[in-house]
Amino acid sequence: MKMKMKKLQFPMFQVLAMVLGLAFSAGPARAVTAVEVPVVQIRAKAVPTGFELDGVVQPVQQSTLSAQASGRVAALLVKAGDRVRTGQLLATIDDRETQTGVQRSQAQVAQAEAELRNARANAERSRELQAMGFVSKAALDTANTQLNAAQAGRDQAAAGSRQSALAQGFTRVTAPYDGWVLQTLSEAGDLAMPGTPLLTLYAPLPLRAVVQVPATLGGIARSASRVEIQGPAGKAGPQWLVPVARSVLPSADPVSQTVEWRLELPTAGAEGLVPGQQVRVRFVGGASERMVVPASAVVRRGELTAVYVVAGQGFALRAVRLGPDHGAAGVEVLAGLTAGDSVALDPVRAGLSGARPQTAAR
């Protein structure tokens, strides 16, 4: 028993080292540097008023390429999402029938040219014999008539040859312009007839926003001082694009009672948009005073929309109810803030422990 107790005892110098190590490791804690967050004071601003609607981006130039010849689709050389160039071969149709037509027309041209040569030689002989008095004037007229008929037959055969060559070209479907393949509507082996759609092609630019305006708001929309389309979001938030051209269809949809507006987008701001994308269209009618907050100050946690408001030397998270987005002017605040409140521009840093307003630190 005594031997076991001796094994559990530590030498005195080891105990002293452990005590000194704990003493040095428990030194004074470092002072935490306060996080300074820039703030802005909320006040009413003059923002444009009007109404907003949802629109859809569409390509201005979009084509459905269809077959112009009968036959089975021999090959479909592109798929949805492929980029194509002008004149690029997209699909081929079985051309054995059209090749037979080309060969037949070529034979008809050769026959017509042979008959023309014979008629021309006969007319020349008849002219010489009539000059020497061996044939009558009627025989010469007959030879000239046969020559004219042979020339007409040659022209008719040449026209048939060009028509056969054109029909042969219809078996090769090519791209009419530079663009993208939106979708393919046929596959290799399908039976194609004139008018059968093969694929849909569109040009990436220019684009337009199509919006259905209710008939009850038609007068307000036409009297709007400015129409804007929400473009791709940049570093400063969403940007609003002004259409370079617009057209309004002259009739309303009998079911939805809406009028279609087509707003062509500027090329400079529409690079990030794609066909089928939903955008917001704003009809600006005037200006009014609204309480707005910068979009960067809004924090969203689940379904909670809030901002960090200056409270003493720190921040307090306060829920707000937001209205429409006015672009660079900010987001309209419907409830939760009053004029004179100061909110943090960086909600991530404002949520850190020890964060305080930058203006108070100064």
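Residues numbered from 1 in each chain as written. Predicted model: local features only at pLDDT ≥ 70, side-chain atom pairs only at ≥ 80, totals over all residues. Heavy atoms only, no water.

Colleague: Which parts of the structure should I look at to understand the packing of aromatic side chains?
Modeller: Geometry of an aromatic ring pair is reported as the spacing of the ring centres plus the angle between the planes. Under the counting rule described, the total for this entry stands at 2 aromatic pairs. Between phenylalanine 51 and phenylalanine 283, the ring centres sit 4.9 Å apart and the planes meet at 20°, which makes this aromatic pair stacked. In this pair, phenylalanine 51 sits in strand S3 (residues 44-59) while phenylalanine 283 sits in strand S17 (residues 278-293), placing the two residues 232 residues apart along the sequence. Each member of the pair, phenylalanine 51 together with phenylalanine 283, is buried. Judged by centre distance (5.4 Å) and plane angle (90°), the rings of tryptophan 261 and phenylalanine 283 are edge-to-face. Pair noted here: tryptophan 261 is in strand S16 (residues 258-264) and phenylalanine 283 is in strand S17, with a separation of 22 residues, a long-range link. (Phe/Tyr/Trp six-rings, centres within 6.5 Å; stacked < 30°, edge-to-face > 60°. Helix = DSSP H or I, 4+ residues; strand = E, 2+ residues; numbered from the N terminus. Buried < 20%, exposed > 50% of the residue type's maximum accessible area, 1.4 Å probe, protein only.)

Colleague: Before we go on, may I ask you to explain the nonpolar core in this structure?
Modeller: If you look at soluble globular proteins, the nonpolar side chains tend to sit buried side by side. In this structure, Val211, Trp261 and Phe283 are the most contacted members of the largest nonpolar core, which totals 20 residues. Listing elements by their share of this core, those giving two or more residues are S3, strand S12 (207-214), strand S13 (226-234), S16 and S17. Of all the elements, S12 adds the most residues to this core, at 4 residues. When sequence neighbours within four positions are dropped, the list of residues in contact with tryptophan 261 reads Ala209, Val210, Val211, Val213, Ala221, Arg222, Arg246, Ser247, Val248 and Phe283. Formed by 18 residues, the second largest nonpolar core is a distinct cluster that contains Ala67, Val78, Ile93 and Val173. (Core = buried A, V, L, I, M, F, W, Y, C linked by side-chain atoms within 4.5 Å. Contact = heavy atoms within 4.5 Å.)

Colleague: For this particular structure, what's the right way to read unusual backbone geometry?
Modeller: For the bond from leucine 205 to proline 206, the omega torsion is 0°, close enough to zero to count as cis. Tracing the backbone shows proline 206 in the loop between strand S11 (197-202) and S12. Although it is not a glycine, glutamine 257 adopts a positive phi angle of roughly 55°. With respect to the secondary-structure elements, glutamine 257 resides in the loop between strand S15 (245-252) and S16. In this structure glutamine 257 comes out as partly exposed when scored by relative accessible area, which is 44%.

Colleague: Help me out: how do you make sense of the sheet that holds strand S7 (residues 89-93) in this one?
Modeller: Backbone hydrogen bonds hold the strands of a sheet together, and the pairing may be parallel or antiparallel. With antiparallel pairing, 4 strands are arranged side by side in an open sheet as S8-S7-S5-S10. Each edge of the open sheet carries a strand with a single partner, namely strand S8 (172-174) and strand S10 (191-192). Of the strand pairs in this sheet, strand S5 (residues 71-76) and S10 are connected by 2 bridges, and their pairing is antiparallel. The residue of S10 that forms the bridge with arginine 72 is leucine 191. (Pairing = 2+ DSSP bridges.)

Colleague: Looking at this structure, I do not really get the sheet that holds S11. What am I missing?
Modeller: Pairing is antiparallel across the open sheet formed by 4 strands, whose spatial order is S4-S11-S9-S6. Each edge of the open sheet carries a strand with a single partner, namely strand S4 (62-66) and strand S6 (83-84). One ladder, built from 5 bridges, connects S4 with S11; its direction is antiparallel. Residue serine 66 lies in a different strand from S11, and its bridge partner there is proline 197.

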